[in-house]
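Overview (structure and organization)
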Amino acid sequence: MKRIAVSCVSVLGAALLLAPPASAADEPTVRELLEKCDNGTDSCVFHPEGEVEHYQNTSEGVGAPVFNCTDKEQMMNVAWSDSTAESNSVGLSMSTSFGEVFKVTFKATYGHEWRSEHTESQTTFITVRPGEVGQVYHGAKMQKAKGTYELHFEDKFYDHYIWYVNDFEASGPADDQGGTVTQSTRPMTEEEKQANCG
């Protein structure tokens, strides 16, 4: 899992001073901080950094493989469905308060909704030669956003009023869905022939 940095500041009068380095035992975990977001803080704000990054998810096999046990080339159809869900660099569910803060800020900053999940369903036709097996693959279009959480506490939390969770990243399905759909065929193994062409 990617290391997420945590930092804090101390408030003295009107001056803002960087706090001295703290040992791991003297500072909260990222989980503790994010669980306090709008659930024990005076304020919890997400500061986005840069533009949304779009990328192609790794293609994975979808639907069932199709086996051509005849002596003629066959056009076969594969009905498939592929679901893609959000994730983040700290491995916490974004259905909690910190996730809502992220999603509201994401929409305000980038002008479109954050998508928590998406399911793509299709029927793909594939030409399979005699004695071969065909497989369909799908890779979803994804988007990634990053930034910093800033948390303010009324009372000191681990000896500080202000904490930051730096280098936070979240990934989720992109708005313009479709992704890539590919297919491949290969000769059946002897085991596959026995199991599927008996």
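Residues numbered from 1 in each chain as written. Predicted model: local features only at pLDDT ≥ 70, side-chain atom pairs only at ≥ 80, totals over all residues. Heavy atoms only, no water.

In the nomenclature of an unreviewed UniProt entry, the protein is known as DUF3558 domain-containing protein of Saccharopolyspora rhizosphaerae.

A tally of helices and strands in the protein yields three helices and eleven strands. Starting at the N terminus and walking to the C terminus, you meet the elements of the protein as β-β-α-β-β-β-β-α-β-β-β-β-β-α. Sorting the 198 residues of the protein into buried and exposed places 38% on the buried side. When contacts within the protein are restricted to residue pairs at least 6 apart in sequence, long-range pairs at least 24 apart make up 82% of them. (Helix = DSSP H or I, 4+ residues; strand = E, 2+ residues; numbered from the N terminus. Buried < 20%, exposed > 50% of the residue type's maximum accessible area, 1.4 Å probe, protein only. Contact = heavy atoms within 4.5 Å.)

Our next topic: unusual backbone geometry. Most peptide bonds adopt trans geometry, and most residues besides glycine take a negative phi value. A positive phi angle, near 50°, is found at Tyr158, a position not held by glycine. Looking at the element boundaries, Tyr158 is found in the loop between strand E9 (141–157) and strand E10 (160–173). Phi at Asp159 is positive, roughly 70°, even though this residue is not glycine. Here Asp159 lies in the loop between E9 and E10. Relative accessible area serves as the criterion here: at 53%, Asp159 is assigned to the exposed category.

What follows covers the pattern of salt bridges. Under the definition given, this model contains eight salt bridges. The residue Lys72 makes a salt bridge to Asp71 at a minimum N-O spacing of 3.8 Å. As far as the burial class goes, Lys72 and Asp71 line up, both exposed. The partner of Glu132 in a salt bridge is Arg129, with the nearest N and O atoms 3.4 Å apart. Residue classification places Arg129 among the partly exposed residues on the basis of a relative accessible area of 44%. (Salt bridge = Lys/Arg side-chain N within 4 Å of Asp/Glu carboxyl O.)

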